[in-house]
Structures are given as C-alpha cells and as structure tokens.
Amino acid sequence: MNDQLQATPICGRHRDLNALMAPFGGWDMPIQYEGIIAEHSWCRTQAALFDICHMGEFLFQGDFEASGLEDVFTFSVKTIPLGRSRYGFLLNEQGGIIDDLIVFRLAEDKVMIVVNAATAPKDFAAITARLHGGEFSDITAATGKLDLQGPLSRYVMVELLGEEIAAIPYFKFITMNILGVEAIVSRTGYTGELGYEIFIPAEKVCELWDLLLTDERVKPAGLGARDVLRLEVGYSLYGSDIDEDTTPLEAGLEGFVNFDKSFIGKEALLRMKQQGVPRKKVAFEVNGRRSPRHHYELCFEGETVGAVTSGVFSPMLGRGIGIGFVKPELTSLGTPLTIRHERVSMEATVCELPFFRDGSVRS
Amino acid sequence: MSMYFTKEHEWVKVKEGIGAVGISEHAAHELGDITFVELPKMGAVVKQFAMLGSIESVKAASDIFAPVSGTVVKVNEALETAPEIVNESAEDAGWMAWIEIADESELENLMTQGQYDDYLKTL
C-alpha cells in the first residue's frame, strides 16, 4: 500500500479557505470550511460546491458484448440510452459488492465509469480481468470533477456556463464546452437536491471552481456536509454501509440488479434469494438528538441483533438517524431498537427511507 | 471571579462556593457543530475528574468530566433544545451545570487561564 495521500487540483484553494483537511479514500480532502451544519443548510437551500476530484473515472471503448463489458455489472450497459447514466454494482463471485458505480453512455461504443476513490484500483483490476477486448483506461488523474448541488444550482449553472443546462433531466447528461474545453454536465448527485456533476479536464478544474464561486449563491461544502446530506436521503456509503461482504439483496438495493442478464455474482445472489437473506439493511430514527455512529450495537429486547453502519444527527429532522443491518424479521416499520455503545444508550424506531423527503432532486 | 481549566478542556468559574462548569472555547471549536449535550442530574454528587456528562457533535462524541467534586445544584436546560449555544458561547452562555463545591482546595489541581493558554500551545 502506498501511504502517500493524493491531492486534488483544488487542494491549494481548500488551504486558502482554511478548510479542515483529512484523509479520505487515500486523498487529502476538505471535511469542512465554515462548519458542517452551515454547509449542509446551504446545500439544502442555495447551491453548494464540492471538490469530488478524488473519485475515479474509467473509459471503455469497444464492442460491449464481444469484450464482455455487458456482463461486468449488475445492469445492462448496452441498453443505457446515449446521454444517460445508470447506477449499479460490480460484484464478486459471492455476490459481495466490490463497488457501487455509475456508467455514462458517451457514444454507441463508449462509456465512462465513475467509481469510488478508495476502491478505484481494485475496481480497475477487477474490470480489466473480466474484459477480453476493447480499450479500457483509467482517466482519474486527467479528470477533474466538481459537484454543484442545491435548489439554486440550475440558475447558477445556466447563468455561468450555458443555457443548454436548463433542460437536462434527472440522470441525463450533456457534453458541452466549458472554459474552452469539452466537459460533461450530468444531472446527478449525492445530496437529494437538484444538482450537477461536472467532469472537466483536470487542468481546467481549478478555474471552474473559481468561476462557480464568483456567484454569491454558491459556497464550498466539504465531505462532512456531504455525508449528512447523503444519509438524510438514505444513500449508501461504500466502505461503511456496503462492502465486499454485503450483497445488494441485503442492502435493499435489488432494484439496481437486473436478473435478466448474466453478471458475476448472479448465481450467489439467486441462491441467497432462494434461501433468504441472513440480514437486511434497516433505517431508524432516534428518539432524541443523540447520534448513532458506525459500529454502535443494535439491540432488540436486550439482545444484540446487529450494528449501525452509518449514523448522524439530522439537521432536517432534528434528531439522530442511522442505517444498519439486522435479522430480516426485525426490519418491519415501527420495530423498537436500542442503540448501545459503552455507556451510551438510545432508543430508536425502524422507519422508511428516505429520512428526508422534501429535497429538490427531481425539480 | 476566578476561572480554572482541566487538561480535558472543562472550565469552572468559582463564586461564593459555587462553580459554574462548561467546556472551553478551544474544545467547542475542536468538536465542531455541537448537536447534543447530556447534562448531569440535579442533585447528583460528582467527584473531581469523574464523568459529569457528555457532548456530541456532528464529528464526535466525548465525555465531560467534573472539574471539582460537589453537588449539582443547577443545570442549563436551554442546552437540551439548543446545544449550539455551546459553539456560540462556550465559556459563558454555554455553561452546563452549577456545582456546590465540596472542597475548594481541589482548585489547586486545575490550571489558571494563563496556564491553560500555555497548555493549548503544547497540543
């Protein structure tokens, strides 16, 4: 393992803004600028700018079927319409999640695959091992990525970057000229708000960061706020909620698995479907302001029945929220759970996802 | 009124045998946005440096230790619904409890403001 942290092209700007920095997925990333709750609130009401250059991008060009790419993910690549993207998984033979990712259909024979930072090297190796044709390359270092998220993000994007952005529907993207280079603008995100992910050559990403921040409706937000935002809308975080020992069936993400096609891990998933999942993801609200945290125990009638995988104080709900894994029979709505860690104990109730429903994501 | 600090970043302000207790501005800043304060119970008898309560922020949970031994005679109930007061005013409006001090000689185990400021420079 290489212990050296990687720095994004925006790193200097974060330091100028006095951001609190911390390692994340092998990268030196901004956790917060003015404060996690202020940045969270800005994203829910205005437009927040995130440096997401750490995420991995791969390019594939070739025949999807002949190369084997069509069988690599839990969803079909060839049926993604041009200009659209699709979310799903790369699985191991046991059906465990190697990564969750999004595939962008760039052309008839070309896709971009966007993966998590920490898993990018193993993803690249796993995909490479499954391909027998086509051109497959890692373009992470050459690719900058900024997310602009929040109900005002469309106005900002249209005014600063171009009218054509106004008409992009959810989970569609366009290729357009930004700052003299070709960029991808995608109506996707990780916050539950209306927003965009922008992919632009790395040498231009700092200039784009500066440009977006010239608008007073835009403020930078760090990974701390991003984690609260994503959990409020129930999105899974790779490495916390899902990993190689968790299947999409256990994680309640079966909707992103297409059983009508072949993919590695399918047999394991079918077996698990038949036998029943041993544990299942559960969402819960705390009765109070305490935060559940990763690894806290989930208890039912005095017995430990599972563990918290993500938890936080939700500013929108004014209480602690979390997700974790328990026996399937304990996932019914309204089931009372006790969350324990050392001398901390809090009462919680099983609830539906998302916790926060009023985001602008589809507006 | 004299103010003393612990190495765990609690403070106590002493007046007529009563110590108002809270966490330092440094501690509040390090914790970030505070989302929950667990206050001690009224009438609780606490020992110096034993647990008094706890505090949670978006980033972390940590225990609060009593800077002096004594009896809890008042708690700051405003923090139950508005814990952000601790971020806004850690060493004043963000006080957590009043302790009737059992033994003022224990204050010798604490740091003065000047000593605490020097201590922060070593962290």
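Residues numbered from 1 in each chain as written. Chains lettered and ligands numbered in written order. Predicted model: local features only at pLDDT ≥ 70, side-chain atom pairs only at ≥ 80, totals over all residues. Heavy atoms only, no water.

### Here's the deal with unusual backbone geometry
Glycine aside, residues mostly have negative phi, and peptide bonds are mostly found in the trans state.
Turning to step 1, where the next piece is worked out: The omega torsion across Leu353(A) and Pro354(A) is -5°, close enough to zero to call that bond cis.
Turning to step 2, where the next piece is worked out: Position of Pro354(A) relative to the elements: it lies in the segment after β20 (344–351).
Turning to step 3, where the next piece is worked out: Positive phi outside glycine occurs at Asn18(A), with the angle close to 60°.
Turning to step 4, where the next piece is worked out: If you trace the backbone, Asn18(A) turns up in the loop between α1 (11–16) and β2 (20–24).
Turning to step 5, where the next piece is worked out: Judged by relative accessible area, Asn18(A) falls into the exposed class, the value being 67%.
Turning to step 6, where the next piece is worked out: Residue His9(B) is not a glycine yet carries a positive backbone phi of 75°.
Turning to step 7, where the next piece is worked out: Its location among the elements puts His9(B) in the loop between β1 (2–5) and β2 (10–15). (Helix = DSSP H or I, 4+ residues; strand = E, 2+ residues; numbered from the N terminus. Buried < 20%, exposed > 50% of the residue type's maximum accessible area, 1.4 Å probe, protein only.)

### Things to note about the domain arrangement of chain A
All names here are of chain A.
Turning to step 1, where the next piece is worked out: According to the domain assignment, chain A consists of domain 1 (6–53 + 141–232), domain 2 (57–138) and domain 3 (279–351).
Turning to step 2, where the next piece is worked out: Taken together, the contacts link seven residues of domain 1 with ten residues of domain 3.
Turning to step 3, where the next piece is worked out: For the domain 1 and domain 3 pair, buried surface summed over both sides reaches about 680 Å², with 79% attributable to carbon and sulfur atoms.
Turning to step 4, where the next piece is worked out: When the buried area of domain 1 at its contact with domain 3 is split by residue, Val-228, Leu-231 and Glu-232 rank highest and sum to 62% of it.
Turning to step 5, where the next piece is worked out: Across the contact surface, domain 1 and domain 3 share zero salt bridges.
Turning to step 6, where the next piece is worked out: Listing elements by their share of the side of domain 1 that touches domain 3, those giving two or more residues are α2 (36–45) and α6 (223–232).
Turning to step 7, where the next piece is worked out: Residue classes in the side of domain 1 that touches domain 3 are distributed as three nonpolar, one polar and three charged. (Domains from an automatic or database assignment. Contact = heavy atoms within 4.5 Å. Buried area = accessible area lost by both parts, 1.4 Å probe. Salt bridge = Lys/Arg side-chain N within 4 Å of Asp/Glu carboxyl O. Nonpolar A, V, L, I, M, F, W, Y, C, P; charged D, E, K, R; others polar.)

### Concerning the pattern of salt bridges
All names here are of chain A.
Turning to step 1, where the next piece is worked out: For the coordinates displayed, the defined rule picks out 25 salt bridges over all chains.
Turning to step 2, where the next piece is worked out: Notably, a salt bridge pairs Lys-122 with Glu-244, separated by 2.8 Å at the nearest N-O pair. Within this pair, whereas Lys-122 is found in helix α3 (residues 120–130), its partner Glu-244 is found in the loop between α6 and α7 (266–275), the two being separated by 122 residues in sequence.
Turning to step 3, where the next piece is worked out: The class of Glu-244 is partly exposed, set by a relative accessible area of 33%.
Turning to step 4, where the next piece is worked out: For Asp-227, the salt bridge is made with Arg-230, and the minimal N-O distance between the two is 2.9 Å. Of the two residues, Asp-227 and Arg-230 both sit in helix α6, three residues apart, roughly one turn of that helix.
Turning to step 5, where the next piece is worked out: Since its relative accessible area comes to 26%, Asp-227 is described here as partly exposed.

### Section: the interface of chain A and chain B
Size of an interface, as often reported, equals the accessible area lost when the parts are brought together.
Turning to step 1, where the next piece is worked out: If you look at the interface, chain A gives 15 residues, while chain B gives 17 residues.
Turning to step 2, where the next piece is worked out: Taking both sides of the interface into account, the surface hidden between chain A and chain B amounts to around 1300 Å²; carbon and sulfur atoms contribute 47%.
Turning to step 3, where the next piece is worked out: Where chain A touches chain B, the interface holds five salt bridges.
Turning to step 4, where the next piece is worked out: In this structure, Glu56(B) engages Arg293(A) in a salt bridge whose closest nitrogen and oxygen atoms are separated by 3.8 Å.
Turning to step 5, where the next piece is worked out: Where chain A packs against chain B, one counts ten residue pairs in polar contact (both at pLDDT 80 or more).
Turning to step 6, where the next piece is worked out: For the side of chain A that touches chain B, the secondary-structure elements that each account for two or more residues are α2 and β17 (303–314) of chain A. (Polar contact = N/O pair within 3.5 Å; in protein donor to acceptor, adjacent residues only side chain to side chain.)

### Here's the deal with the packing of α2(A) against α6(A)
All names here are of chain A.
Turning to step 1, where the next piece is worked out: Running from amino to carboxyl end, α2 crosses α6 at an angle of 55°, the nearest separation of the two axes being 8 Å. Classified by the angle between their axes, α2 and α6 sit oblique to one another. As for how α2 packs across α6, the hand of that crossing is right-handed. Across the interface between the two elements, Ile-36, Glu-39, His-40, Cys-43 and Arg-44 from α2 touch Gly-224, Ala-225, Val-228, Leu-229 and Glu-232 from α6.
Turning to step 2, where the next piece is worked out: Its residues assigned to classes, the contact of α2 with α6 shows five nonpolar, two polar and three charged. (Axes fitted to C-alpha atoms, helices over the stretch in contact; angles between N-to-C directions. Parallel < 35°, antiparallel > 145°, perpendicular 65-115°, else oblique. Left-handed = near helix turned anticlockwise from the far one by under 90°.)

### Overview of the nonpolar core
All names here are of chain A.
Turning to step 1, where the next piece is worked out: Formed by 36 residues in total, the largest nonpolar core has its most connected members in Phe-50, Phe-89, Phe-104, Met-112, Ile-242 and Leu-269.
Turning to step 2, where the next piece is worked out: At the level of elements, β3 (27–32), β4 (47–51), β6 (85–91), β7 (97–107), β8 (110–115), α6 and α7 are the ones that each hand at least two residues to this core.
Turning to step 3, where the next piece is worked out: Looking at which domains feed residues into this core, each of domain 1 (6–53 + 141–232) and domain 2 (57–138) gives three or more.
Turning to step 4, where the next piece is worked out: In this view, Phe-104 contacts Arg-84, Ser-85, Lys-110, Val-111, Met-112, Val-114, Phe-173, Ser-186, Thr-188 and Phe-199; residues no more than four positions away in its chain are not counted. (Core = buried A, V, L, I, M, F, W, Y, C linked by side-chain atoms within 4.5 Å.)

### Details of the pairing of strand β12 (residues 181–186) of chain A
Residues and elements named next belong to chain A.
Turning to step 1, where the next piece is worked out: The buried fraction of β12 amounts to five of the six residues, a majority that puts the element mostly inside the structure.
Turning to step 2, where the next piece is worked out: Note: strand β11 (residues 173–178) against β12, six bridges, orientation antiparallel. The partner of Met-176 across the bridge, within β12, is Ala-183.
Turning to step 3, where the next piece is worked out: Bridge analysis of β12 against strand β13 (residues 195–201) gives three bridges, and the strand direction is antiparallel. The residue of β13 that forms the bridge with Ser-186 is Glu-197. (Pairing = 2+ DSSP bridges.)

### A word on the side chain of Glu10(B)
Turning to step 1, where the next piece is worked out: Within the fold, Glu10(B) resides in strand β2.
Turning to step 2, where the next piece is worked out: No salt bridge is formed by the buried Glu10(B); the nearest opposite charge belongs to Arg343(A), separated by 11 Å.
Turning to step 3, where the next piece is worked out: A distance of 2.4 Å separates polar atoms of two side chains, one belonging to Glu10(B) and the other to Thr6(B).
Turning to step 4, where the next piece is worked out: A distance of 2.8 Å separates the side chain of Glu10(B) from the backbone nitrogen of Phe65(B), its partner in a polar contact.
Turning to step 5, where the next piece is worked out: Contacts of Glu10(B), omitting those with residues within four sequence positions, involve Tyr4(B), Phe5(B), Gly22(B), Ile23(B), Asp63(B), Ile64(B), Phe65(B) and Pro67(B). (Lys, Arg positive; Asp, Glu negative; His and termini not counted.)

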